[in-house]
Amino acid sequence: MLKLEHLAELLERNRAAASARVKTFAIGGRKFDFNSQPAVMGVINLSADSWYRESVCLSRDAAIERGRILAGQGAAIVDIGAESTLAHAARQDDAAQKSKLVPVIKALRAGKILVSAETYSPKVARAALEAGANVLNLTGNTNSKEIFKMAAAHDAAVIICYVQGRNVREVGDFDFGADPIGMMREYFSKQIEIAERGGVKGIFLDPGLGFYYRNLQDSAVRVRHQMNVFLNTFRLRELGFPVCHALPHAFEFFQDEVRSAEPFFAVLAALGKTDLFRTHEVPKVRAVLETLKLY
């Protein structure tokens, strides 16, 4: 059971990191100051394989309507993906992803909604940027140098996801090491250097808690790992950039109340000083964050 004593011990061990401040920057002309105000990112899944049914949109019009609704509910950015990250999901080639992503991105940008495109493919990234995407949610590292340069050329921000493998669809067992946060810091430091050399100004760091590693299929092991990383997030902020978290589901524990899982994890993520909350449940998570601000 998580107790106040655990939080006190974590803070005592890492007190200097708790005061770390991160860079602020504008996305699509909108200024974000994560040191004083976290932001929420909504989700649209264009793949029928995606698990979270409420976020799945199987037509262009449905996706555009959901994007507008998410923005109206308070999502500062809408993240769109055309291939599910589930291990058993069908792979989507570049052409199929582009055909789904491009018209939705163009329509939402025409409505002045900030858009993030989730991909690990350079061709998909280029198409998304040319359609007006403001952020690339980079779920792989094989072509990161090329993609970073593209993002910089379009004045787009990037979300650098921590992934032990070539990309989110090519992972095996997760190596916890002595300290997962330390491993993440090393990975992010290298990717940040490449991104900055490529000219990227806006950078987010994402620990990749929603990725389906083989040895994290045991729900208790997976959720324990996720909780640990959420609470330790503030240590990653010492790298100087805001942290984005994709809030997980923990279906095995929440079952019929699974739509309450992301708001629950939002509390832990907020305690860890998360800057950008990626969620399928925008109104619920916004309510959690607004209530926490009252203390």
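Refer to the structure above for everything that follows.
(A) Helix H10 (residues 261–271), seen in detail. When we look at burial in H10, the residues that qualify are Ala261, Glu262, Pro263, Phe265, Ala266, Leu268 and Ala269. Buried residues in H10 make contact with helix H7 (219–231), strand E9 (244–246), helix H9 (251–254), strand E10 (276–278) and helix H11 (282–292). Phi for Lys273, located one or two positions after H10, is positive at around 70 degrees.

(B) Quick look at unusual backbone geometry. Unusually for a residue other than glycine, Lys112 sits at a positive phi of about 65 degrees. Tracing the chain through its elements places Lys112 in the loop between helix H3 (94–110) and strand E5 (115–119). Taking the relative accessible area as the measure of exposure, Lys112 reaches 71% and is therefore exposed. A positive phi angle, near 45 degrees, is found at Gln255, a position not held by glycine. Here Gln255 shows up in the loop between H9 and H10.

(C) Geometry of the pairing of E5. With 5 of 5 residues buried, E5 is to be regarded as a mostly interior element. Here E5 shows a buried face lined by Val115, Ala117 and Thr119 and a second buried face lined by Ser116 and Glu118. As defined by bridge partners, strand E4 (residues 77–81) adjoins E5 across 4 bridges and the pair is classed as parallel. Across the sheet, Gly81 pairs through a bridge with Glu118, a residue of E5. Alignment of E5 against strand E6 (residues 135–138), held across 4 bridges, turns out to be parallel. Counterpart to Ala117 in the pairing with E6 is Leu136. For the handedness criterion, the β-α-β arrangement of E5, helix H4 (residues 122–131) and E6 is classed as right-handed.

Calculation criteria
Residues numbered from 1 in each chain as written. Predicted model: local features only at pLDDT ≥ 70, side-chain atom pairs only at ≥ 80, totals over all residues. Heavy atoms only, no water. Buried < 20%, exposed > 50% of the residue type's maximum accessible area, 1.4 Å probe, protein only. Helix = DSSP H or I, 4+ residues; strand = E, 2+ residues; numbered from the N terminus. Contact = heavy atoms within 4.5 Å. Pairing = 2+ DSSP bridges. Right-handed = clockwise from strand over helix to strand, strands pointing away.

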